[in-house]
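Residue-level listing of the chains:
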Amino acid sequence: MKKIVIDPITRIEGHQKIEITVDDGVVKDARSSGMLFRGIELILQGRDPRDANRITQRICGVCPTAHSMASALCLDHAFGIADRIPDNGRIMRNLILGSNYLQSHILHFYHLAALDYVDVTSVADYEGTDPDLTAVKDFIERGELGPFVPRYEGDYRLSKEQNRAAVAHYLQALRVRRKTHELLSIFGGKAPHNCSIVPGGVTERPTVDKMTSFLWRVNEIRDFIDNVYIADIVMVAAVYSDHFEVGKGCGNYLSYGVFDLEATPSDLGKKKRFIKPGITDTELKLGTVDPSKITEQLKHSWYDDSFTNRHPSDGETSPRYPKSAAYSWIKSPRYDGKPYEVGPLARTLVSYAQGDPAVKEMVDGVLGELKAGPDVLFSVLGRHAARALETKLVADAMAEWVLQLKPGEPVFQEYDMPEEGAGVGMSGAPRGALGHWIRVKDGVISNYQAVVPTTWNASPRDDSDTPGPMEQAIIGTNVRDPENPFEVVRIVRSFDPCLACSVHLVTPKRRSIRKVTLL
Amino acid sequence: MPKGQVQEYPVVWFQGATCSGCVVSVLNSASPTVRNLLVDQVVPGRHVSLKFMPTVMAAAGEMAIEAMESAASASKGEYLLIVEGSVPTKQNGIYGAVGEKDGREVPIMEWVISLAADALAVVALGTCACYGGIFGARPNPTGCVGVSDVRAEAHVSTPVINVPGCPPHPDWFTGTVARILLGGLPSEEELDEDGRLLTFFGKLIHEHCPRRAYFDEGKFAKRFGDEGCLHELGCKGPLTYADCPIRLWNNGQNWCIGSGGPCAGCTQPEFPDLFSPFYVKVSDVDLPVIGEYWAEKERSAQE
């Protein structure tokens, strides 16, 4: 038996530790720990409800837009205007969030995950004329290889030509990713941390020049997705095809759906969404989402046990550190008492199980190219492939949505803020199902909670000691060399963890908040 | 320039209590591009050698920590430390840890103090690292503070240059780093009283706001999406120092006020507590007029 601690897990968002026990080359046990606690929901208490939309974006700088969307839906509900958001406001919200999907997914594959598969040093003896590769060659010649080396060695399999193409795409993707944020800022003001999405709609107004600029920017990014990103996924998948059998996980998949196609009440069952809500499993059996079945369990997290297994709208948490059974600041959300994986794979599987024609065509196309059945999707490579296909799905739709905007029409619905109220906003972050819950009392926030994708995926064991989805995906994996556990970090990164999102504190206890006056 | 003629400038980028929005914003840098920052000579003859940067580096775990520690000891007194995020200090910093030493989780606070003590200078990147920011907002559950405060508490004298913003504009960061690479540490005259370069933070948003004419003629937007100055919707532009109105964001595409969103004052030490509620009109303040900042400077220079 050998214990291996990987802390920090790099090339993810936030502070995560993975601890594994290896026996005879096989992982017998795995523990995922969130290592930073910031208490953002406690910070929200006592504030103007509208400020939640600005502050919750600071939960995560990679997917702030998803938090502003969930928060806006949550506040729309609390303010009684969920079904009255003007079309322009709804569509621009989708375009802003869609841009964030493109940003997050491209960043993840090329700049967070790729260095697990792509060997930058293969460019050392490059003799061609590509300016990017020449710059990398000069860099390697100078001999200081940070941040690309050191790294876990032992399994770089691409040919020299494949490596060089991938390095060139790594650099090209840096520019494309920047352009996704330029796209976002056209209607979002700036990125990260947009300022346009607000309860009631958005603050920006659509004009023909902005629509045209948006359309052709998204088309340029679509070129990259269609011709580079998806091709690279297929190339990596062909060479590392054994990773279709690695990192399966819990086999339960949950999606709240995302991108409203019309103004509707907050009830998830009544929403018409571009990507639809649902649950499924490895048999692709389909079910509907019942939000009342969501709870958060605390036995192995550094919080007071007496508040375990509550629904988020009713949760109460206070930190307890140290605590004997605990090893993480992340709580354990469970659906119907069971762990569920969320993210692009979960969304894709739900859509596939529903028979969504666009998703079915894309997934079957890639599976055909790889000569494999849908069961290979429950894996490390399945997550990467689903993420790439979702990028295409969303980018293609954005090119249509932008032309539905109507210059001169309203972007914002007025409201009266209630003294008392409650709201829920369920949506999809790039990394998976995202829910925000608010309670308003005396005109200010009395309780606010976000249950975010990585809380689902990277959660520790629950009250019945069942490991979380990521832990389950690691257990049973072969680790060839304990000094270079590349197998483990590949599994972890396939989930695209965002630790900053996953750790926060909630307490509905009323506290007297210091009165702050300006000057 | 081949090896030997290019000076490797060691940089350690440490993340505390952050959302990673700062590094994501720096990834939006247009000139220089991120390729320029990573592999090229970002100014002629100088290459930024990124020894530790958790979001992009290949290494993980102990290997990554070793890379950081060996860089810090090999270039003691010479490396630039970039701190992103604030520093949790409550209960000796138990709320945030990175890596393990002798089976013990090492608090962010310990890392920041020891890395800062041996650095040439610290660039505090983002409002959290500068002044505490969002995670240091009331009731500040984890005791988050900015780097300058931690440094003072630990009696470390390494200079700190603040690059605030939530997030900071990539140009503010690359401009500050280029300033140090080209000419060494900025002098006191180049910084304001909040430790920021006057080059970027010398003027109020209000002074260059394209909606300023609306303010002067009293045309105020009453609801989002309206024409007019955003003062009554809670804009903090009259209290916020930054060059957003002329620099714009995301390679010149847009900016907060440009998209109809009131400035939240995110580059200021007052952000967020003294500037919230964000959407309530700033009252009981004498709104500054054009030139007041410099008039005040001249007055204090004469005194």
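Scoring rules and cut-offs
- Residues numbered from 1 in each chain as written.
- Chains lettered and ligands numbered in written order.
- Predicted model: local features only at pLDDT ≥ 70, side-chain atom pairs only at ≥ 80, totals over all residues.
- Heavy atoms only, no water.
- Helix = DSSP H or I, 4+ residues; strand = E, 2+ residues; numbered from the N terminus.
- Rg over C-alpha atoms; globule rule 2.2 N^0.38 Å.
- Contact = heavy atoms within 4.5 Å.
- Buried < 20%, exposed > 50% of the residue type's maximum accessible area, 1.4 Å probe, protein only.
- Areas by Shrake-Rupley, 256 points an atom, 1.4 Å probe, with all protein chains shown as cover.
- Lys, Arg positive; Asp, Glu negative; His and termini not counted.
- Charge placed at Lys NZ, Arg CZ, Asp CG, Glu CD.
- Pairing = 2+ DSSP bridges.
- Axes fitted to C-alpha atoms, helices over the stretch in contact; angles between N-to-C directions.
- Buried area = accessible area lost by both parts, 1.4 Å probe.
- Salt bridge = Lys/Arg side-chain N within 4 Å of Asp/Glu carboxyl O.
- Polar contact = N/O pair within 3.5 Å; in protein donor to acceptor, adjacent residues only side chain to side chain.
- Nonpolar A, V, L, I, M, F, W, Y, C, P; charged D, E, K, R; others polar.
- 1 Å grid on protein atoms, 1.4 Å probe; cavity = no way out; pocket = protein on both sides within 12 Å on 5 of 7 lines; lining within 4 Å.
- Points joined across faces, edges and corners; volume = space filled by probe spheres on them.
- Core = buried A, V, L, I, M, F, W, Y, C linked by side-chain atoms within 4.5 Å.
- pLDDT = per-residue confidence, 0-100.

Re the overall build of chain B
Step number 1: A tally of regular secondary structure across chain B gives 12 helices and 10 strands.
Step number 2: For 303 residues, the compact-globule estimate of 2.2 N^0.38 gives 19 Å, and chain B sits close to it at 20 Å.
Step number 3: Dimensions of chain B, computed from the C-alpha atoms along their principal axes, are close to 65 × 50 × 45 Å.
Step number 4: Taking all contacts inside chain B whose residues are at least 6 apart in sequence as the whole, residues at least 24 apart take part in 72%.

A few points about the overall build of chain A
Step number 1: Of the regular secondary structure elements, chain A holds 14 helices and 14 strands.
Step number 2: By the compact-globule yardstick of 24 Å for 519 residues, chain A fits well, its C-alpha radius of gyration being 23 Å.
Step number 3: For chain A, the C-alpha atoms occupy an extent of roughly 65 × 60 × 55 Å along the three principal directions.
Step number 4: When burial is assessed residue by residue, chain A has 67% of its 519 residues classed as buried.
Step number 5: Total accessible area on chain A stands at roughly 16300 Å², and carbon and sulfur atoms take up 49% of it.
Step number 6: Charge centroids of chain A, computed over 63 positive and 68 negative side chains, lie 4 Å from each other.

Some words on the sheet that holds strand S12 (residues 421–429) of chain A
Residues and elements named next belong to chain A.
Step number 1: As summarised here, the arrangement of the 3 strands in space is S12-S13-S14, forming an open sheet in which the pairing is antiparallel. Looking at the sheet topology across the chains shown, the edges are occupied by S12 and strand S14 (444–451). Sheet twist, expressed as the mean angle between neighbouring strand axes with direction ignored, is 15°.
Step number 2: Bridging between strand S13 (residues 432–441) and S14 involves 7 bridges; their strand directions are antiparallel. Bridge pairing links tryptophan 437 to glutamine 449 in S14.
Step number 3: Lying over the sheet, helix H3 (residues 64–78) contacts S12, S13 and S14, oriented at roughly 150° with respect to S12.

A short note on unusual backbone geometry
Step number 1: With omega at 5°, the peptide bond leading from valine 149 of chain A into proline 150 of chain A counts as cis.
Step number 2: Position of proline 150 of chain A relative to the elements: it lies in the loop between helix H5 (131–142) and helix H6 (160–188).
Step number 3: At the junction of cysteine 166 of chain B and proline 167 of chain B, the peptide bond is cis and its omega measures out at 0° in the coordinates.
Step number 4: With respect to the helices, strands and loops of the structure, proline 167 of chain B is situated in the loop between strand S10 (160–163) and helix H7 (170–183).
Step number 5: A positive phi angle is found at phenylalanine 259 of chain A, which is not glycine, with a value near 75°.
Step number 6: Mapped onto the elements of the fold, phenylalanine 259 of chain A is located in strand S7 (residues 258–260).
Step number 7: A residue is classified by how much of its surface remains accessible, and phenylalanine 259 of chain A, at 1% relative accessible area, is buried.
Step number 8: With a phi angle near 60°, asparagine 251 of chain B is a residue other than glycine that sits in the positive phi range.
Step number 9: Considering the arrangement of structural elements, one finds asparagine 251 of chain B in the loop between helix H11 (244–247) and helix H12 (292–302).
Step number 10: Its relative accessible area of 42% is what places asparagine 251 of chain B among the partly exposed residues.

Considerations on the interface of chain A and chain B
Step number 1: Taken together, the contact pairs 90 residues of chain A with 90 residues of chain B.
Step number 2: Summing both sides of the interface, chain A and chain B together bury roughly 7800 Å²; the carbon and sulfur share of this comes to 60%.
Step number 3: Remark: the boundary between chain A and chain B carries 8 salt bridges.
Step number 4: With a closest N to O distance of 2.6 Å, aspartate 273 of chain B and arginine 47 of chain A form a salt bridge.
Step number 5: For the pair chain A and chain B, the interface holds 43 residue pairs in polar contact (both at pLDDT 80 or more).
Step number 6: No other element matches the 10 residues that H6 of chain A contributes to the side of chain A that touches chain B.
Step number 7: Residue composition of the side of chain A that touches chain B, by class: 45 nonpolar, 19 polar and 26 charged.

Overview of empty space enclosed by the protein
Step number 1: Across all of its chains, the model carries 18 cavities of 30 Å³ or more by this definition.
Step number 2: Taken as a whole, the largest cavity spans an internal volume of roughly 220 Å³.
Step number 3: Taken together, 19 residues make up the lining of the largest cavity; nearest its centre are Lys190 of chain A together with Cys256, Cys263, Ala264 and Cys266 of chain B.
Step number 4: Its residues placed into classes, the lining of the largest cavity shows 11 nonpolar, 5 polar and 3 charged.

A word on the nonpolar core
Across soluble globular proteins, you tend to see nonpolar side chains buried next to one another.
Step number 1: By size, the foremost hydrophobic cluster in this structure holds 238 residues, and its most contacted members are Ile20 and Phe187 of chain A together with Phe14 and Leu81 of chain B.
Step number 2: With residues up to four places along the chain from it excluded, the contact list for leucine 81 of chain B reads Val12, Phe14, Val112, Leu115, Ala116, Ala119, Ala121, Val122 and Val123 of chain B.
Step number 3: With 15 residues, the next largest nonpolar core counts Tyr256, Tyr335, Tyr340 and Val342 of chain A among its residues.

Thoughts on the pairing of strand S6 (residues 252–255) of chain A
Residues and elements named next belong to chain A.
Step number 1: Across the two faces of S6 the burial is the same, with Asn252 and Leu254 and Tyr253 and Ser255 all buried.
Step number 2: For S6 and strand S9 (residues 278–281), the ladder comprises 4 bridges, and the chain directions are antiparallel. By the bridge assignment, leucine 254 is partnered in S9 with isoleucine 279.

Here's the deal with the confidence of the model for chain B
Step number 1: Scored by pLDDT, chain B comes out at a mean of 93, with 95% of its residues at no less than 70.
Step number 2: For this predicted complex, the interface confidence comes out at an ipTM of 0.94, alongside a pTM of 0.95.

Structural notes on the side chain of serine 75 of chain B
All names here are of chain B.
Step number 1: Within the secondary structure, serine 75 is located in the loop between helix H3 (61–74) and strand S4 (80–84).
Step number 2: A residue is classified by how much of its surface remains accessible, and serine 75, at 9% relative accessible area, is buried.
Step number 3: For serine 75, the side chain forms a polar contact with the main-chain oxygen of alanine 71, separated by 2.8 Å.

Topic: the side chain of threonine 477 of chain A
Residue and element names in this part refer to chain A.
Step number 1: Looking at where threonine 477 falls in the secondary structure, it is placed in the loop between helix H12 (469–474) and helix H13 (486–494).
Step number 2: On the basis of relative accessibility, which here comes to 8%, the residue threonine 477 falls in the buried class.
Step number 3: Looking at threonine 477, its side chain comes within polar contact range of the main-chain oxygen of alanine 473, at 3.5 Å.
Step number 4: From its side chain, threonine 477 meets the backbone oxygen of isoleucine 474 in a polar contact 2.7 Å long.
Step number 5: The contacts of threonine 477, once residues within four sequence positions are left out, are Gly25, Val26, Val27, Val246, Glu487 and Ile491.

Description of the pattern of salt bridges
Think of it this way: side chains of opposite charge can pair up when their charged atoms draw near.
Step number 1: With the rule as written, the count across this model stands at 58 salt bridges over all chains.
Step number 2: Among the salt bridges present, the one from arginine 320 of chain A reaches aspartate 304 of chain A, with a minimum N-O distance of 2.8 Å. You can see arginine 320 of chain A sitting in the loop between strand S10 (294–297) and strand S11 (332–335) and its partner aspartate 304 of chain A sitting in the loop between S10 and S11, a full 16 residues away along the chain.
Step number 3: Under the relative-accessibility criterion, arginine 320 of chain A is labelled partly exposed at 38%.
Step number 4: Between glutamate 190 of chain B and arginine 179 of chain B there is a salt bridge, with its nearest N and O atoms 2.7 Å apart. Remark: arginine 179 of chain B occurs in helix H7 and glutamate 190 of chain B occurs in the loop between H7 and helix H8 (198–201); sequence separation between them is 11 residues.
Step number 5: Note on glutamate 190 of chain B: relative accessible area 24%, which makes it partly exposed.
Step number 6: Accessibility expressed as a relative area gives 23% for arginine 179 of chain B, which makes it partly exposed.
Step number 7: Residues joined in a network through salt bridges with shared partners are Lys3, Lys17 and Glu19 of chain A together with Glu100 and Glu105 of chain B.

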